[in-house]
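Coordinate inspection notes
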Amino acid sequence: MTSFKMEHKNPEGLFKSKAFSQAITVSGKAKTIYIGGQNAVNSSGELVGHDDLELQTKQALHNIATILASENASFANLVKLNIYLVSGSDPRMGYKAFQEVAGVLENPPLVTVLFVSEFARPSCLLEIDGIAVIEDKD
């Protein structure tokens, strides 16, 4: 039994999506994990998937999975994702990659997708940051 409760809300009158939730409430004794912007740079500092949004998305998600695992968390603990894509990118490619890496989540996180002109590293096609919540055992 956990000491916190995370409820995914999709109120009547709003669209119910398989890709995102409309709201999430967290109550009780919880620890919040803030995930800094992750791009397609691997542990060696190399960009994975030059000019390939699907490969870059998979690498960014693997980076996020590594952060989550370091805190004994998983994609199921995500509350919010902000996804930044270079203008002209097809977000469906990123969603396909997300399903392959994270699986189809019963309760998906909140998601905001924004298009930007470019990133600090011009070869990057996306960046993802997020927030996750786990039980605080302290």
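Described in the following lines is the structure provided in the data block. (Residues numbered from 1 in each chain as written. Predicted model: local features only at pLDDT ≥ 70, side-chain atom pairs only at ≥ 80, totals over all residues. Heavy atoms only, no water.)

We now examine the nonpolar core. Core analysis: the largest hydrophobic core is formed by 21 residues, its most contacted members being I64, L68, F75, L78, F98 and I128. Elements with a minimum of two residues in this core: strand 3 (30–38), helix 1 (53–70), strand 4 (78–86), helix 2 (91–102) and strand 6 (126–135). A per-element tally of this core places helix 1 first, with 5 residues. The contacts of F98, once residues within four sequence positions are left out, are L61, F75, L81, G103 and L105. Within the second largest apolar cluster, 5 residues are counted, among which are F4, V79, L110 and V133. (Core = buried A, V, L, I, M, F, W, Y, C linked by side-chain atoms within 4.5 Å. Buried < 20%, exposed > 50% of the residue type's maximum accessible area, 1.4 Å probe, protein only. Helix = DSSP H or I, 4+ residues; strand = E, 2+ residues; numbered from the N terminus. Contact = heavy atoms within 4.5 Å.)

Moving on to the sheet that holds strand 3. If you walk across this open sheet you meet the 4 strands as 3-6-4-5, and the pairing is mixed. Of all strands in the sheet, those bounded by a partner on one side alone are strand 3 and strand 5 (110–116). Each neighbouring strand pair of the sheet contributes to a mean axis angle of 10 degrees, computed without reference to strand direction. Here helix 1 sits on the sheet and contacts strand 3, strand 4 and strand 6; the angle it forms with strand 3, its principal contact strand, is near 150 degrees. (Pairing = 2+ DSSP bridges. Axes fitted to C-alpha atoms, helices over the stretch in contact; angles between N-to-C directions.)

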